[in-house]
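Understanding the architecture of this molecule
Below are the chains, spelled out letter by letter.
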Amino acid sequence: MKFCDILLFKNMSEQEITQMNKSKFMKKRIYAKNTHIYHMGDVIGSVGIVLSGNVIIENIDIWGNKSIISYANEGEIFAETYALSQTPMMVNVVCAECCEILFINLKNALKPENSNQPWYPKFMNSLLMLSLKKILLFHEEFFALHQKQCVQEFLPICRKNR
């Protein structure tokens, strides 16, 4: 996948992407199927971008039950909230198939000395917008699930009280 096709780099020129790529805060790695990229409890500093393949974002509860929270497909970012907040991961990120991942170390990319680079405001804006869209989507899913649970709990009560 070309960097210019990745949403995080959509508003950037080839030259700006090349400048970022020459920096010390971007690296690529290849992972085999079922390999953990990040584990619950990890404190991370890098956002991941799926260049090929796809990853599963999963949660395992205290009883060992696994729930798939989300997927990140080719061109999509993952773990940006954890990388920005330095909060321990509450999920695992696992390769659903053989994957190539581009990591961007946000601590280094967002250093003040980079703020005068032409790519910096575009990168910041894209990172913020993608993160906010994912948060809003999560909230929509949460509220839909919450409404469904409320109906399931209160409907039998209403029927009983007729």
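Each remark here, short or long, concerns the structure printed above.
Just so we're clear, the structure is a prediction, and the values are computed from it rather than from any experiment.

Points about the environment of Lys 27
By the secondary structure assignment, Lys 27 is in strand S1 (residues 26-31). By relative accessible area, which is 49% here, Lys 27 ends up partly exposed. Along the primary structure Lys 27 and Ile 104 are separated by 77 residues, whereas in three dimensions their C-alpha atoms are 6.8 Å apart.

Things to note about the side chain of Ser 23
The topology assignment puts Ser 23 in the loop between helix H1 (14-21) and S1. Judged by relative accessible area, which is 19%, Ser 23 ranks as buried. At a separation of 2.3 Å, a polar atom in the side chain of Ser 23 contacts the main-chain carbonyl oxygen of Met 20.

Quick notes on the state of the cysteines
All told, the structure shown has zero disulfides when counted by the stated rule. Among the cysteines around Cys 95, which has no disulfide bond, Cys 99 carries the closest sulfur, lying 3.9 Å off. Residue classification places Cys 95 among the buried residues on the basis of a relative accessible area of 1%.

Describing the nonpolar core
Ranked by internal contacts, the top residues of the largest apolar core, which has 41 residues, are Phe 9, Ile 37, Val 55, Phe 78, Ile 104 and Phe 123. The element contributing the most residues to this core is strand S8 (residues 99-105), with five residues. Dropping the residues within four chain positions of it, Ile 104 is found in contact with Leu 8, Phe 9, Phe 25, Met 26, Gly 45, Ser 46, Val 47, Ile 49, Ala 109 and Phe 123.

Notes on unusual backbone geometry
Phi at Ala 79 takes a positive value of approximately 70°, unusual for a residue other than glycine. Examined against the element boundaries, Ala 79 turns out to sit in the loop between strand S6 (77-78) and helix H2 (80-85). On the basis of relative accessible area, Ala 79 is assigned to the buried category, the value being 11%. Phi is positive for Gln 86, which is not a glycine, with a value near 60°. With relative accessibility at 41%, the residue Gln 86 sits in the partly exposed group.

What about the sheet that holds strand S3 (residues 46-52)?
Backbone-to-backbone hydrogen bonds pair the strands of a sheet. The strands run either parallel or antiparallel. Strand order in the open sheet formed by four strands is S1-S8-S3-S6, and the pairing between neighbours is antiparallel. The open sheet has two edge strands with one neighbour each: S1 and S6. In this structure, S3 lies alongside S6, joined through two bridges in antiparallel fashion. From the neighbouring strand, Gly 48 faces S6, where its bridge partner is Phe 78.

Calculation criteria
- Residues numbered from 1 in each chain as written.
- Predicted model: local features only at pLDDT ≥ 70, side-chain atom pairs only at ≥ 80, totals over all residues.
- Heavy atoms only, no water.
- Helix = DSSP H or I, 4+ residues; strand = E, 2+ residues; numbered from the N terminus.
- Buried < 20%, exposed > 50% of the residue type's maximum accessible area, 1.4 Å probe, protein only.
- Polar contact = N/O pair within 3.5 Å; in protein donor to acceptor, adjacent residues only side chain to side chain.
- Disulfide = S-S within 2.5 Å.
- Core = buried A, V, L, I, M, F, W, Y, C linked by side-chain atoms within 4.5 Å.
- Contact = heavy atoms within 4.5 Å.
- Pairing = 2+ DSSP bridges.

In short, geometric facts, not functional conclusions.
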